[in-house]
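A look at the structure
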Amino acid sequence: MPEGVRRAVEARLGALVVEAVTRVGGFSPGAAVRLTLADGRRAFAKAVGPEPNAESADIYRAEARIAAALPAGVPSPRLLASFDSGGWVALLFDYVEGHPPADPWRADELERVLDALDRLSVTLTPSPISAPPPEERFGEAFRGWRLLVEARDTGTDDLTGLDTWAARHLDELAGLEAGWPDAVKGETLVHGDIRADNLLLTADDVMVVDWPWAFLGAPWFDLLQMLPSVRMQGGPHPEKIFTAHPVARDADPTAVTTALAALTGYFVRQSRQPPPPGLPTLRAFQSAQATPALEWLRLRTSWA
């Protein structure tokens, strides 16, 4: 980080930094650092500049707005401060002593996370803060199947390498995907991006971090969105978990399948794009989630 940003971090924390340890994980091209201060306190700082990925700064700003508004009952690190400086955006949080779930998933840790999602949906329904509707947050992203249809029809993508079932049903998937905004409407504050690297297991809680994609939606969306990554990392089949979970008890099956179609289309289409600047591993991660998502979607549609 630039010297001016480092000094601004110390000014907002009210003490000099005597140790800074970089934390690894996630996909942001920014810094993620555990700080030890001269007065013995610890804090967590994340900061990103305008390069190499110009969109990252706005993502951090969105996270700052949500994190600042989250009430005390939400299991998430408390935001201490955030600021812009010379194109850089920095967020400072309470430091939480914890670890992400094991990879591959352990049954006991998965059970802890699933229980935490149940409690989180109760805490966040109705949403305690203002947040955008689903189409504002993911309107451009959840057009994957429709964009693939367009690319096929214009000749810009010959669909080489596309899953044969998906290629056979591409037009049907595009039509199904189009209804996702209505399918996920609701009054719950949805995190929108829960996966192992956005979770911290502490001695007695499960903390949810990184909230830039939060929106108002159905209470079951976070569970649905997380499960392809769980399967990717050695967990059970998504359908088995989803149908047994309390948040999905009253979910409309058609709405769930529609939302899953949109999520799967996002993973599939994004995995076929060039890597974004500064995020060289993102496409492989999306491709790895596309495989179990497609498997789950094929099961729920029952299309041959």
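Up top you'll find the structure we're talking about.
Okay, so let's go over this structure. (Residues numbered from 1 in each chain as written. Predicted model: local features only at pLDDT ≥ 70, side-chain atom pairs only at ≥ 80, totals over all residues. Heavy atoms only, no water.)

**Some points on the sheet that holds strand 5 (residues 88–94)**
The sheet built from five strands is open, its strands ordered 1-2-3-5-4 with antiparallel pairing. In this open sheet, the two strands that pair with only one neighbour each are strand 1 (17–22) and strand 4 (79–85). Neighbour-to-neighbour, the strand axes of the sheet open up by a mean angle of 25°, direction not taken into account. Here five bridges tie strand 1 to strand 2 (residues 31–37), and the two strands are oriented antiparallel to one another. Paired with Glu19 across the bridge in strand 2 is Thr36. Each of strand 1, strand 2, strand 3 (42–48), strand 4 and strand 5 is contacted by helix 1 (residues 3–13), which is oriented at about 150° to strand 4, the strand it contacts most. Sitting on the sheet, helix 2 (residues 56–69) touches strand 3, strand 4 and strand 5, and the angle it makes with strand 5 is about 35°. (Pairing = 2+ DSSP bridges. Helix = DSSP H or I, 4+ residues; strand = E, 2+ residues; numbered from the N terminus. Axes fitted to C-alpha atoms, helices over the stretch in contact; angles between N-to-C directions. Contact = heavy atoms within 4.5 Å.)

**A word on the pairing of strand 5**
Taken across its seven residues, strand 5 has five buried, putting it largely inside the fold. Relative to strand 5, strand 3 is paired through six bridges, and the arrangement is antiparallel. Looking at the pairing, Val48 lines up with Val89 of strand 5. Pairing between strand 4 and strand 5: six bridges, direction antiparallel. Considered in strand 5, the bridge of Ala81 is made with Leu92. Taking the residues that link successive antiparallel strands as the turn, the strand 4-strand 5 hairpin has two residues, and the phi of Gly86 there is positive, at about 60°. (Buried < 20%, exposed > 50% of the residue type's maximum accessible area, 1.4 Å probe, protein only.)

**With respect to the layout of surface pockets**
Volume-wise, the second largest pocket comes out at about 210 Å³. Forming the boundary of the second largest pocket are Ala107, Leu110, Glu111, Leu114, Asp115, Asp118, Pro236, Lys240, Ile241, Ala244, His245 and Pro246. Secondary structure elements with two or more residues in the lining of the second largest pocket: helix 3 (107–123) and helix 10 (238–244). Ranked by residues supplied to the lining of the second largest pocket, first place goes to helix 3 with six residues. (1 Å grid on protein atoms, 1.4 Å probe; cavity = no way out; pocket = protein on both sides within 12 Å on 5 of 7 lines; lining within 4 Å. Points joined across faces, edges and corners; volume = space filled by probe spheres on them.)

**Overview of the packing of aromatic side chains**
The relative placement of two aromatic rings is captured by the distance of their centres and the angle of their planes. Counting across every chain of the model gives 11 aromatic pairs. When the ring of Phe142 is compared with that of Phe221, the centres are 6.5 Å apart and the planes differ by 45°; the resulting orientation is tilted. Taken together, the residues span a long stretch of sequence, with Phe142 in the loop between helix 4 (134–138) and helix 5 (144–154) and Phe221 in helix 9 (residues 221–232) at a distance of 79 residues. Grouping aromatic residues by their ring pairs yields a cluster made of Phe138, Phe142, Trp180, Trp213, Phe215, Phe221, Tyr266 and Phe267. Directly above the aromatic system of Phe83 lies the positively charged group of Arg12, at a separation of 4.1 Å from the ring centroid. (Phe/Tyr/Trp six-rings, centres within 6.5 Å; stacked < 30°, edge-to-face > 60°. Lys NZ or Arg CZ within 6 Å of the ring centre and 35° of its normal.)

The quantities given are spatial measurements derived from coordinates; they are silent on function.
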